[in-house]
Amino acid sequence: MIVGNYLVAAGIFALGLYTVLTRRNIVKIVMGLSLMEASGYLLLLSMAYRARSTAPVLLDPPHGETTTQLAHGSVADPMLQNICLTAIVIGVAITGVFLAIVVRLVQHYRSVDADDIRALRG
Amino acid sequence: MTTSLHACEPHHHRWAGAVIAGAIGAILVVVALGLPREHAPLPAIARRAMLGALPDWHTTEPVNAIVYGYRGFDTFGETFILLAAVVGIGLLTRRKESRSGFLGEDLAHDAEQRRVHVGEHGVTLSEREALEAEAHEVGEGRDVWPLLPDAESVGTPGPERAEAMTVIVRAGIRVVAPILTVAGLYLVAWGYSPGGGFPGGAVALGVILLMYLSVGYRRLRRAVRPEVMEPIELAGALAIAALVVAGLLFAGSVTANFLPLGPPETIRSGGILQLFSVSELLEVGTGLTLAAFGLLTMGHEWSAVDPE
């Protein structure tokens, strides 16, 4: 039942959001954001799944099917796999930027507590 | 650190956070229950890609045909998001340039701080010496660490200070790294890996990190320095931009194929797909390496004495 994957993805997203909202350690806030990203990957790949499907590869289709049969039969959705690929690359890049900002913040304020970082307060 | 992280980790508004996260989670659950499941037919757009990959692009990888062909413009944009992120990481992680002329605040600040700390706050001379010794250890002391751990006998107490790992790990990685490199490049060049240059670039980063782990940064420093990596990355990005524009000029639409298609399962199959994929490999591999080493080699740029 693939709907279980959908529910787990929703749960992981909520867990990540809870981490971002309630934690004060900025490293853990970044971890919460990564968790929210990961829930997106799980959802996209689960939505690409089809029952008794094969990978979207046209090289040597299983059971002697032709490629046309493969496209009309059960094969995982290549479009969603592409979108997940895009999401992973962007996620890695954004996490890198976040971590660089965190290191600089910690070096400047000498604390990982988000409550200590309030120089913009009037 | 001003806060003890282990004793009792501080939280913000636990209940408000739980209510908001729970409400959004509940909305997502309701939406997820309405999504198409595993018995739904493939969307028309996915079937189009499955049926078109061989006749349109002569490739056996529909995912590649989508990433670099049908949705090439999207990948083009994604490439430049990645480039922007790598530039951002470079900007944040690079050392402060030494300033001169009117911009010498950091030097003036250090001198003033030293005076203030000895005079007004009662930091004794011995404390100052300790702080300076610590600063020395953090900064310059690094170069006296041994490069290889082989000289130290096994079971020596204290933290291991060598940069490289033992001969067992080094020998293992020396065997694995060339195989991984060739396998990654082969999959990208022949178009067999779904996503082409993206997983290929990740494999390249993996190999470089394995080398970093086994031989240490000092031996790898010359190869991964930004002066080497940045031109390669920008060449990859430039090649992608050129391919996109060339499609517009020669074939009438952005990222359209303008090259002759070779037979499937060869290095020439796929037309511009392979070129796009290899350019992406250069861009992603060097970009991720720059980002990883930017973070790994970030300097300590705080003053030795806490200004508070």
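You'll find the structure just up there.
Residues numbered from 1 in each chain as written. Chains lettered and ligands numbered in written order. Predicted model: local features only at pLDDT ≥ 70, side-chain atom pairs only at ≥ 80, totals over all residues. Heavy atoms only, no water.

Colleague: Explain the nonpolar core to me, using residue names and the numbers behind them.
Modeller: One finds M50, V67, Y68 and F198 of chain B to be the most contacted residues of the largest nonpolar core, which totals 32 residues. Broken down by secondary-structure element, the contributors of at least two residues to this core are helix 3 (67-72) and helix 4 (78-109) of chain A together with helix 2 (44-57), helix 3 (62-70), helix 4 (72-93), helix 8 (197-215), helix 10 (226-251) and helix 11 (272-296) of chain B. Tallying contributions element by element places helix 11 of chain B first for this core, with seven residues. V3, Y6, Y41 and L44 of chain A belong to the second-largest nonpolar core, a separate cluster that totals ten residues. (Core = buried A, V, L, I, M, F, W, Y, C linked by side-chain atoms within 4.5 Å. Buried < 20%, exposed > 50% of the residue type's maximum accessible area, 1.4 Å probe, protein only. Helix = DSSP H or I, 4+ residues; strand = E, 2+ residues; numbered from the N terminus.)

Colleague: Any details on the side chain of S277 of chain B? Residues and values, ideally.
Modeller: Residue and element names in this part refer to chain B. By secondary structure assignment, the location of S277 is in helix 11. A relative accessible area of 2% means that S277 is categorised as buried. Separated by 3.1 Å, the side chain of S277 and the backbone nitrogen of G197 make a polar contact. If sequence neighbours within four positions are ignored, S277 has contacts with Y68, V188, G196 and G197. (Polar contact = N/O pair within 3.5 Å; in protein donor to acceptor, adjacent residues only side chain to side chain. Contact = heavy atoms within 4.5 Å.)

Colleague: For the pattern of salt bridges, give the residues involved together with the corresponding values.
Modeller: Under the criterion given, the structure shown has six salt bridges over all chains. Note that E227 of chain B and R225 of chain B form a salt bridge whose closest N and O atoms lie 4.0 Å from each other. A relative accessible area of 57% means that E227 of chain B is categorised as exposed. Connected through shared salt-bridge partners, R24, D113 and D115 of chain A make up one network. (Salt bridge = Lys/Arg side-chain N within 4 Å of Asp/Glu carboxyl O.)

Colleague: Run through the packing of aromatic side chains, naming residues and quoting values.
Modeller: Residue and element names in this part refer to chain B. By the definition in use, this model includes eleven aromatic pairs over all chains. Taking 5.3 Å as the distance between ring centres and 85° as the angle between the ring planes, the aromatic pair formed by Y212 and F293 counts as edge-to-face. Separated by 81 residues along the polypeptide, Y212 in helix 8 and F293 in helix 11 bring together distant segments of the chain. Under the relative-accessibility criterion, Y212 is labelled partly exposed at 23%. Of the aromatic side chains, those joined through ring pairs into one cluster are Y68, F198 and F276. (Phe/Tyr/Trp six-rings, centres within 6.5 Å; stacked < 30°, edge-to-face > 60°.)

Keep in mind these values describe shape, not function.
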